[in-house]
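# A structural walkthrough
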Amino acid sequence: MKAITFATHGGPDVLRLEDVAEPTPTADELLVRVRASALNRADTMQRRGHYPPPPGESDILGLELAGEVEAIGANASGFKPGDRVFGLVGGGGYAEKACIDYRMAMPIPDGWDFVKAAAVPEVFFTANETLFTLGRLDAGETVLIHAGASGVGTAGIQMARQAGARVLVTVGSEEKVARTEALGAEAGINYKTTDFAARVLELTDGAGVDLVQDFIGAAYWQNNLKCLKTAGRLVLVGLMGGAKVEVDLGLIMRKRLQVIGSVMRSQPLANKIAITERFRSRWLPELESGRLQPLIDTSFPLAEAAAAHQYMEDNRNVGKIMLVMD
Ligand SMILES: NC(=O)c1ccc[n+]([C@@H]2O[C@H](COP(=O)([O-])OP(=O)(O)OC[C@H]3O[C@@H](n4cnc5c(N)ncnc54)[C@H](OP(=O)(O)O)[C@@H]3O)[C@@H](O)[C@H]2O)c1
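It should be emphasised that the depicted structure is a prediction, and the values quoted were computed from it without experimental measurement. (Residues numbered from 1 in each chain as written. Predicted model: local features only at pLDDT ≥ 70, side-chain atom pairs only at ≥ 80, totals over all residues. Heavy atoms only, no water.)

Moving on, we get to the packing of helix α3 (residues 121–134) against helix α4 (residues 151–162). The N-to-C vectors of α3 and α4 enclose an angle of 55°; their axes lie 8 Å apart at closest approach. The orientation of α3 with respect to α4, classified from their angle, is oblique. Our pair here, α3 against α4, has a crossing hand that is right-handed. In this structure, α3 contributes Val123, Phe124, Thr126, Ala127, Asn128, Leu131 and Phe132 to the contact, and α4 contributes Gly151, Val152, Ala155, Gly156, Gln158, Met159 and Ala160. (Axes fitted to C-alpha atoms, helices over the stretch in contact; angles between N-to-C directions. Helix = DSSP H or I, 4+ residues; strand = E, 2+ residues; numbered from the N terminus. Parallel < 35°, antiparallel > 145°, perpendicular 65-115°, else oblique. Left-handed = near helix turned anticlockwise from the far one by under 90°. Contact = heavy atoms within 4.5 Å.)

Written out as structure tokens, the structure is:
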């Protein structure tokens, strides 16, 4: 089968389309003919050598897929060859075939194409876990979502609004301000031209927000603490602005803040099955009804994965960047 591979770590141009051996499903897995996959920021980190796959996972990039079941492991019940499925994988999506545990595979709803299905798992699962399961966001609360135009951000804005929360976001351009406000954010704050903490305090009459969903890490640490309410929660989901900070523990104690971290990929299978189930029960019906939509920016053929990575690293996307197989 064809797959995207890289022999050395580095920039997008290390990615190559090559012939590799097909994966063999375990007893609990489905072998899927992949029709669409999607980029995630983690893929660019793995390509650069900063985010190795967890033990036992495919070393091919790609954390989500949609396609047709081709073969079924001995224990994998509920599916037959030809079924259209989508879901989260620990790796292997940038290929013509990949394996997925049958408990993580979901039937593609009628009327959805493969690209729409492949745009959903990683960002809606991540947003659900970090805003709701860990962040405990509730109706009437205010959340600050950083990188509001990212894949995860565009899912989270819609989910938080649907849950009755007030949503503020940070983004890096005026175009992204307009796009995130159109998605349901009450205010998009351009962090390149505005002190976001000052603006958040202004927008909340000095009170601050109940929850910050942060993908930036070190560069935003001080300002995140500043714009949290007393007893507010900070969920760390990404470290695009660095990992090392100097901490004033006194401030965390005085404001009674909670700092929570999360990475989905390296969690045990049982946790990821539970994450899939939480998404299916609360959010899949909202997506099926059309009340929520995965926001798709651009689709590239699998062979153009390098151009897709460059596009992501240039921060040009609003929503998901897709890879489509022939
Ligand atoms: N913990 C988990 O389980 C988990 C799961 C999925 C994703 N993530 C994390 O979630 C984040 C979003 O992922 P994604 O795939 O949705 O990303 P994405 O679509 O590539 O969007 C990322 C956006 O972040 C902004 N950005 C990049 N570097 C920045 C910096 N240094 N400071 C401020 N903003 C910056 C850029 O938009 P602007 O133009 O607005 O700057 C960029 O377009 C990543 O950090 C990823 O690692 C974590």
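What follows picks up the thread again.
The phi dihedral of Arg136 falls on the positive side, at around 55°, and the residue is not glycine. Among the structural elements, Arg136 can be located in the loop between α3 and β8 (142–145). Look at Asn315: it is not a glycine, yet its phi comes out positive at around 60°. Within the secondary structure, Asn315 sits in the loop between α11 (305–313) and β15 (320–324). What makes Asn315 partly exposed here is its relative accessible area of 39%. (Buried < 20%, exposed > 50% of the residue type's maximum accessible area, 1.4 Å probe, protein only.)

On to the pairing of strand β3 (residues 29–38), then. Burial analysis of β3 places seven of its ten residues in the buried class, which makes it a mostly covered element. As judged from the five bridges shared by β3 and strand β6 (residues 97–101), these two strands associate in the antiparallel manner. Each bridged residue has a counterpart across the sheet, and for Leu31 the counterpart in β6 is Cys99. The sheet contact formed by β3 and strand β4 (residues 64–72) spans seven bridges and is antiparallel. Its bridge partner being in β4, Arg33 is matched across the sheet by Glu68. Note that β3 and β15 share three bridges and pair antiparallel. What sits directly across from Ser37, in β15, is Leu323. (Pairing = 2+ DSSP bridges.)

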